[in-house]
Amino acid sequence: MSSRRGILAALEAADDYVSGAHLAASLGISRAAVWKHVAALKHGGYEIEGARSRGYRLRSIPSAFGESAIRSRGVGRRIGRRILMLDVTRSTNSDAMALGREGEAEGVVVLAEEQTAGRGRLGRSWESRRGVNLYASILLRPTMAPGLAPQLSLVAGVAVAETVREEGVDARIKWPNDVVVLGDSVRKLAGILTEIEAEADRVAFVVVGIGVNLNSDPSHFSPELAGRATSVRLELGHAIDRAAFTARLLRRFEECFDAWAGGGFAAVAPRWRALSALDGRRVRVASPGETFEGVCSGIDDDGALLIDVGPPPLRRVLAGDVTLRAAYSEGAGSAANGGNA
Ligand code: BT5
């Protein structure tokens, strides 16, 4: 048995802490080597607590996260008809775009344990810690004009937020594509990146990329994200089964996507509005070429953000970033203070 498996076996057999000295002696290795193996196990998704005077305690083992584990929880007929599980990749969105170019049919889902170049919008990056979260990209072939692609980010936002809420987290949607938890600050739980391949007036295919922080703990986030990111586990205090979550998310996404395909964004907009994090709030909008402030008045039936800037009419924003002007606990917007949307 390798030292690493020996450590794991000893931790699994014990109900309580096992001292580093005991592990080292029983395996004939140094305490520093024990520490290194424990670090590697944690990297692989094992939750191991370390207490200086007591040693190590195994809290949970990584649950199986792969095609069969997801499929056994039930996925829909189309989204997830093929699931490609990668260990490490640069970006699942890039992989799904490549599959789209190769002619792959709608509904393939690319997943990865880790992304080394996970992408956000506008050249931003998505921190993609190994083994703990969800990184998924869905290939779609809707018949639509290229200009409607941003609506699919909104549709995915509804699917993600509703699935996270099912777990018991009061998640909300921050236009256009963030799923957040509101408290003293706005903490981002998930992000969505929709990319398209289009000819002049017709979309060839769309990739909806979804990153959800499921089991990250604070030490997994870079200093820049401290206080600005959270995970389902951090909100609930217990680990999330990634395969079960993924299956539920794919089913819900399929249902939302079908509603959108049949009735346009108007068919999904009420669900989006019920979860909006911004309504009634003073916000700053940075849209291409211009930055301005106003009070958020919700979204239009085509997905445009509506901003009250004083004199009518409301401004319609089709692309950009929005930041809250006041700490969330201040002010009194309709969605604030744990409203029960
Ligand atoms: C997004 O962009 O939020 C879209 C993120 C999409 C990620 C998925 S993962 C699967 C698929 N493959 C990819 O390569 N991408 C997709 P944006 O709105 O631009 O937000 C990016 C910003 O979010 C960053 O600049 C950080 O401030 C913050 N951020 C980065 N990683 C984060 C994380 N893990 N959790 C919370 N916030 C994060």
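Look above for the structure.
What you see is a predicted model; the values in this text were computed from it and never measured. Residue numbering note: each chain is counted from 1, following its sequence as written. Only residues with pLDDT of at least 70 get local features here, since the model is predicted, and only at 80 or more are side-chain atom pairs given and counted; chain-wide, interface and lining totals rely on the full set of residues. For side-chain calculations, the full set of non-hydrogen atoms in the structure is used, while hydrogens and water are omitted.

Asks: Any details on unusual backbone geometry? Residues and values, ideally.
Replies: Backbone torsion omega between Trp175 and Pro176 reads 0 degrees, so that peptide bond is classified as cis. Inspection of the secondary structure assignment puts Pro176 in the loop between β6 (171-174) and β7 (178-182). Residue Leu122 is not a glycine yet carries a positive backbone phi of 50 degrees. Note on conventions: DSSP H or I runs of at least 4 residues are helices, E runs of at least 2 residues are strands, and numbering of each starts at the N terminus. Note on placement: Leu122 falls in the loop between β4 (108-115) and β5 (134-140).

Asks: Give me the pairing of β6: which residues, what numbers.
Replies: Successive side chains on a regular strand alternate, one facing one side of the sheet and the next facing the other. Alternating residues of β6 divide into Ala171 and Ile173 and Arg172 and Lys174, and every residue in both groups is buried. Between β6 and the antiparallel strand that follows it, β7, lie three residues. Each residue is assigned to one of three classes by its accessible area relative to the maximum for its type, calculated with a 1.4 Å probe on protein chains only: buried under 20%, partly exposed between the two thresholds, exposed over 50%. Strand pairing is assigned whenever DSSP identifies at least 2 bridges connecting the two strands.

Asks: Pulling in residues and values, what's your account of the site of the ligand?
Replies: For this description, a residue counts as near a given molecule or strand if any of its non-hydrogen atoms is within 4 Å of it. Lining the immediate environment of the ligand, one finds 27 residues, of which Ser91, Arg119, Arg121, Arg124 and Lys188 sit closest. Contact between the ligand and Ser91: an oxygen atom at 2.7 Å from a side-chain N or O atom of the residue. The definition of a polar contact used here is a pair of N or O atoms within 3.5 Å, where within protein one atom must be able to donate a hydrogen and the other to accept one, and adjacent residues in sequence count solely through side-chain atom pairs. One of the side-chain nitrogen or oxygen atoms of Asn213 is found 2.8 Å away from a nitrogen atom of the ligand. Using a 1.4 Å probe, accessible areas were evaluated by the Shrake-Rupley method; residue-level cover was limited to the displayed protein chains. Burial of the ligand by the protein amounts to 93% of the accessible area it has alone, namely 790 Å². Within the residue set of the shell around the ligand, elements represented by two or more residues are α5 (92-101), β5, β8 (186-198) and β9 (203-212). For the shell around the ligand, the element with the highest residue contribution is β8, accounting for four residues. Under the scheme applied, nonpolar residues are Ala, Val, Leu, Ile, Met, Phe, Trp, Tyr, Cys and Pro; charged residues are Asp, Glu, Lys and Arg; polar residues are all the others, including Gly. Split by residue class, the shell around the ligand holds seven nonpolar, 13 polar and seven charged.

Asks: Residue-level account of the environment of Val109, with values.
Replies: Along the polypeptide, Val109 turns up in strand β4. Ignoring anything within four residues of it in the chain, the contact list for Val109 reads Ile79, Gly80, Arg82, Ile83, Leu84, Ala136, Ser137, Ile138 and Leu250. The contact criterion used is simple: two residues touch if any of their non-hydrogen atoms lie within 4.5 Å.

Asks: Quick one: what's the story with the packing of helix α6 (residues 149-167) against helix α8 (residues 242-263), residue by residue and with numbers?
Replies: Interaxial angle, 0 to 180 degrees, is taken between N-to-C directions of lines fitted to C-alpha atoms, where a helix line uses only the stretch in contact. Where α6 contacts α8, the axes come no closer than 9 Å and their chain directions differ by 140 degrees. As far as their axial angle goes, α8 and α6 are oblique. The way α6 lies across α8 gives a crossing that is right-handed. Contacts between α6 and α8 involve Gln151, Leu152, Val155, Ala156, Val158, Ala159, Val160, Glu162, Thr163, Val164, Glu166 and Glu167 on the former and, on the latter, Phe245, Arg248, Leu249, Arg252, Phe253, Cys256, Phe257 and Trp260. Its residues assigned to classes, the contact of α6 with α8 comprises 13 nonpolar, two polar and five charged. Put simply, angles under 35 degrees are roughly parallel, angles over 145 are roughly antiparallel, angles from 65 to 115 are roughly perpendicular, and the rest are oblique. Rotating anticlockwise by less than a right angle from the far helix to the near helix defines a left-handed crossing, while the corresponding clockwise rotation defines a right-handed one.

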